[in-house]
Amino acid sequence: MSTGQGGVGLVVVSHSATVAQAVARLAAQLTGSAEDVRIEAAGGTEDGGLGTSADLVVRAAHAVDQGAGVAILADLGSAVLTVKALLADGEELPERSALVDAPLVEGTIAAAVAASAGADLEGVRAAAAEAYDYHKQ
Amino acid sequence: MGDEGRDKGGTGGPGTLDAAFFRRWLDAAAALIDEEAERLTALDSAIGDADHGANMRRGFSAVRESLAAEEPASPQAVLALAGRRLVSTVGGASGPLYGTLLRRTGKALGEALGERTDPDRTEFAAALRAGIDAVSALGGAKPGDKTMIDALVPAAEALSTSWEAAAEAAREGAAATVPMRAHKGRASYLGERSEGHEDPGAASAALLLGALADTAGRAGA
């Protein structure tokens, strides 16, 4: 039910730039052609330190937004809280943005696969959340 | 209360909680955080990741620069700008938490005041309460979880008495976090080892309230 020609975009928010970039790259590779789904990393602070930058998150979300919504995945405390504060503020993120409640690595891969298959924002969110059900023991 | 200049938010009379008052408060808070940054970091090194002082110093110094450059004209605009700067510059969890506190307090103040720009202490206390509720909702913390909420909630209640009572309540609230076990943030992973240390977020909240009482005392508010 996507409204634009493009699909749902993904933003990977981590406390660490390295983690965010690696997870985004992994998910893009596992979905085959990276053209199918837009994924941006927003990790660390703007000066390259550990932490979260609201400005990087906002920029990444606009970069992947194609009108069908933006699913945001986050890891630790400040990453989650920054995204929630931006969503509560309701002004800076693209209109249809959502924080997805999922483990970062598994959730991002599931979200990317769903988005590349044409799922809408709700479908992407559900696919990512299902990652919590895959127990390792 | 003088009326001169109030509409510009510049030089309200003694006791006026105008934009200039809120700018002076945040300026005083930035100075105090700068002085106490090492203490905040020492507290955070016991139960956190030892960056609270540096993060708060970076955030409040950015707030100070923005307020000086833009000179927002109403209390609500001062708080909104300061909150946004904290979210974008602090880097740690205290950025969105303090950012939300200031922005929601400013928003509630704006809704309560309409066109007016001169809240009294009671109106400010109600707005601060709304800001604290938003912080609780964002972080999921309640009193007793060993967070900034433990300093902020008693301070907001004591504001009905006086500015100084609020600052004192925040200091006592921060001290009361020492024996608590953390239920939120990185410190919560430590379990019982989080006991016996003052919460850095409660300590920085007490600094904000201390700067508020000092600013109000000087203004004769």
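All figures in this text were calculated on a predicted structure; none of them were measured in a lab.

S.K.: Describe unusual backbone geometry, naming the residues involved and giving the relevant values.
M.R.: All names here are of chain B. Although it is not a glycine, Glu-71 adopts a positive phi angle of roughly 40 degrees. Within the fold, Glu-71 resides in the loop between helix H2 (52-70) and helix H3 (75-89). Classification of Glu-71 as exposed rests on a relative accessible area of 52%. The phi angle at Lys-146 is positive, at roughly 65 degrees, despite the residue not being glycine. Within the secondary structure layout, Lys-146 lies in the loop between helix H5 (121-139) and helix H6 (149-158). Residue Lys-146 is classed as buried on the basis of its relative accessible area of 1%.

S.K.: If you had to explain the sheet that holds strand S3 (residues 70-74) of chain A to someone new, which residues and values would you point to?
M.R.: Residue and element names in this part refer to chain A. If you walk across this open sheet you meet the four strands as S2-S1-S3-S4, and the pairing is parallel. With one partner strand each, in any of the chains shown, strand S2 (39-43) and strand S4 (97-99) form the two edges of the open sheet. Strand-to-strand twist in this sheet, taken as the mean axis angle between neighbours without regard to direction, amounts to 20 degrees. Looking at chain direction, strand S1 (residues 9-14) and S2 are connected through five bridges and run parallel. Counted as the bridge partner of Leu-10 is Ile-39 from S2. Its contacts with the sheet place helix H2 (residues 54-64) against S1, S2 and S3, and it is angled at close to 180 degrees to S2.

S.K.: Describe the packing of H5 of chain B against H6 of chain B, listing the residues and the values that go with them.
M.R.: Residue and element names in this part refer to chain B. At a minimum axis separation of 9 Å, H5 and H6 run at an interaxial angle of 160 degrees. As summarised for this structure, H5 and H6 are arranged roughly antiparallel, according to the angle between their axes. Seen from above, H5 lies across H6 with left-handed handedness. Together, Ala-125, Leu-128, Arg-129, Ile-132, Val-135 and Ser-136 of H5 and Ile-149, Leu-152, Val-153, Ala-156 and Glu-157 of H6 make up the contact between the two elements.

S.K.: So, the UniProt feature "domain: DhaL" (unreviewed entry) in chain B: which residues are in play, and what are the values?
M.R.: UniProt annotation of "domain: DhaL" (unreviewed entry) refers to residues 20-214 of chain B when read in the numbering used here. Annotated as residues 20-214 of chain B, this span is 71% helix and 0% strand, and its ends, taken at the C-alpha atoms, are 14 Å apart.

Conventions used here
- Residues numbered from 1 in each chain as written.
- Chains lettered and ligands numbered in written order.
- Predicted model: local features only at pLDDT ≥ 70, side-chain atom pairs only at ≥ 80, totals over all residues.
- Heavy atoms only, no water.
- Helix = DSSP H or I, 4+ residues; strand = E, 2+ residues; numbered from the N terminus.
- Buried < 20%, exposed > 50% of the residue type's maximum accessible area, 1.4 Å probe, protein only.
- Pairing = 2+ DSSP bridges.
- Axes fitted to C-alpha atoms, helices over the stretch in contact; angles between N-to-C directions.
- Contact = heavy atoms within 4.5 Å.
- Parallel < 35°, antiparallel > 145°, perpendicular 65-115°, else oblique.
- Left-handed = near helix turned anticlockwise from the far one by under 90°.
- UniProt positions renumbered as here; feature names shortened; annotations may be inferred.

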